[in-house]
Amino acid sequence: MDKIKMTTPIVEMDGDEMTRILWQMIKDDLLLPYIDLKTEYYDLGLEYRDETNDQVTIDSANATKKYGVAVKCATITPNAARVEEYHLKEMWKSPNGTIRAILDGTVFRAPIVVKGIEPCVKNWKRPITIARHAYGDVYKGSEMKIPGPGKVELVYTAGDGSESRELVHDFTCPGIVQGMHNINKSIESFARSCFNYALDTKQDLWFATKDTISKKYDHTFKDIFQEIFDSEYAEKFDAAGITYFYTLIDDAVARVMKSEGGYIWACKNYDGDVMSDMISSAFGSLAMMTSVLVSPDGNYEYEAAHGTVQRHYYKHLKGEETSTNSVATIFAWTGALRKRGELDGNKELMEFADKLEKATIDTIEGGEMTKDLSLITTIQNPVVLNSGDFIKAIAKRL
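Residues numbered from 1 in each chain as written. Predicted model: local features only at pLDDT ≥ 70, side-chain atom pairs only at ≥ 80, totals over all residues. Heavy atoms only, no water.

> Which parts of the structure should I look at to understand unusual backbone geometry?
For residues besides glycine, phi is generally negative; the peptide bonds are generally trans as well. A positive phi angle, near 55 degrees, is found at lysine 202, a position not held by glycine. One can find lysine 202 in the loop between helix H6 (184-201) and strand S10 (204-209). A relative accessible area of 55% means that lysine 202 is categorised as exposed. (Helix = DSSP H or I, 4+ residues; strand = E, 2+ residues; numbered from the N terminus. Buried < 20%, exposed > 50% of the residue type's maximum accessible area, 1.4 Å probe, protein only.)

Below you can see the structure in the form of structure tokens.
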């Protein structure tokens, strides 16, 4: 059989731990037999990030700007324990945060719905898409430990040298402090991405922050969204029969639980991180969610929304069998391949992505699945497969 040809490479960002093992299995069993795969490869494994002083992460983001489409494996964001475990030079920042800061844009995350995996929230009938702002806030934050009594201030020095100050806290004992920022341009991109995606998918759009408490920071998000909606999108939304509304984040959480789904919920960076995990887990599994970063200038980075599955990796290193769900990682590849095909006018590549997704869903609906899904499925007597055999079962259907 002739392999499907590619004209432009996809930027491939390899990752860490168990997802790195699955990454190679997916390529070997599901992609390379059928596609003459062209990728621009970057190793974002923690050891190589440390070796290059995280330059490899920056290079991979810039390559995404060059080629337009990337696919990323899950990566470790190191904490103090990881610094010790991997003997790191320093506690490197989140690779996702770095990439998002360079590309800007919005992360859209939606659950992968299959028959036999019913949502925990019984009234959810349709997928809920999380639109997560992909720049700034805590992911670009600066932090300090305060050793003892003293004053911490925010200081803005204007171009003419004039200063304005805001007291953060007058410490009387040791503590901690964090400074974070965002920029209007990125918030405007976030708003337009959300409005456009809502129009493309004909779904209502919700946006939620905590502007009653954060009267300048969060209120700026609220104001920018409303200004752009009123001036550019209100008539388009009316014509499409969809709505946009703003609400407080705590009110949004309450509404989501009572809803039937079928809308886009736009969140700030950290809120989107947390809520996408909640949505995906409630729909079935963290490993059953698509995630794509869409930048304002038309670049796309596809990834799994979950982490590196550390616990399974340690079992794997001991030679023990694992049953790790690879669906979200497979869908990261199919998303990237479909978009590459769409941008290059490569129909074969787009059709292959559709077939691989169908084979994956058919495998689960046919009763063959990983352990995490077997514990929550309504399918009678499911066959529980280990990590490799699940991918091989998909390959058989493919």
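Continuing now.
> Honestly, the environment of alanine 252 in this entry has me stumped. Any pointers?
Inspection of the secondary structure assignment puts alanine 252 in helix H8 (residues 249-258). By relative accessible area, which is 0% here, alanine 252 ends up buried. The sequence separation of alanine 252 and alanine 359 amounts to 107 residues, and the corresponding C-alpha distance is 35 Å. Aside from chain neighbours lying at most four places away, what touches alanine 252 is Trp206, Ala208, Thr247 and Trp265. (Contact = heavy atoms within 4.5 Å.)

> I would appreciate a short explanation of the layout of surface pockets in the present structure.
Over the atoms, a rolling probe the size of a water molecule traces out where space has been left empty. By volume, the largest pocket is sized at about 800 Å³. Contributing to the lining of the largest pocket are 31 residues, with Thr77, Ser94, Pro95, Tyr139 and Asp273 lying nearest its centre. Put simply, the parts of the chain that give the lining of the largest pocket at least two residues each are helix H5 (95-103), helix H9 (269-283) and strand S14 (300-304). Partitioned by chemical class, the residues of the lining of the largest pocket number 12 nonpolar, nine polar and 10 charged. Along the wall of the second largest pocket there are 30 residues; nearest its centre are Phe108, Tyr197, Val292, Val294 and Tyr302. Elements with a minimum of two residues in the lining of the second largest pocket: strand S4 (106-111), H6, strand S13 (289-294), S14 and helix H11 (327-344). Its residues assigned to classes, the lining of the second largest pocket shows 12 nonpolar, 11 polar and seven charged. (1 Å grid on protein atoms, 1.4 Å probe; cavity = no way out; pocket = protein on both sides within 12 Å on 5 of 7 lines; lining within 4 Å. Points joined across faces, edges and corners; volume = space filled by probe spheres on them. Nonpolar A, V, L, I, M, F, W, Y, C, P; charged D, E, K, R; others polar.)

> Explain the nonpolar core here, please?
If you look at soluble globular proteins, the nonpolar side chains tend to sit buried side by side. Counting residues in hydrophobic clusters, the biggest one holds 66 residues, and the most contacted among them are Leu31, Ile35, Phe195, Leu205, Phe237, Tyr244 and Leu337. Top element by residues in this core is helix H7 (residues 217-240). It accounts for eight residues. Counting 18 residues, the second-largest nonpolar core is a separate cluster that includes Ile128, Ile249, Tyr263 and Cys267. (Core = buried A, V, L, I, M, F, W, Y, C linked by side-chain atoms within 4.5 Å.)

> Before we go on, may I ask you to explain the sheet that holds S10 in this structure?
Read from one edge to the other, the open sheet built from 10 strands follows the order S2-S1-S3-S14-S13-S4-S5-S12-S10-S11, with strand pairing classed as mixed. On the outer flanks of this sheet lie strand S2 (39-43) and strand S11 (244-248), each paired with one strand and no other. Between one strand axis and the next, the sheet turns by 20 degrees as a mean value, whatever way the strands run. Where S4 lies against S13, six bridges are found, and the strand directions are antiparallel. (Pairing = 2+ DSSP bridges. Axes fitted to C-alpha atoms, helices over the stretch in contact; angles between N-to-C directions.)

> Any chance you could explain the packing of helix H1 (residues 17-31) against helix H10 (residues 310-317) here in plain terms?
The angle between the axes and the distance between the axes are what describe a pair of packed helices. Two numbers describe how H1 lies on H10: the axes approach to 6 Å, and their chain directions differ by 70 degrees. Relative to H10, the element H1 lies roughly perpendicular. Only Gln310, His312, Tyr313, Tyr314 and His316 of H10 make contact with H1, whose side of the interface consists of Glu17, Met18 and Ile21. In terms of residue class, the contact of H1 with H10 is built from four nonpolar, three polar and one charged. (Parallel < 35°, antiparallel > 145°, perpendicular 65-115°, else oblique.)

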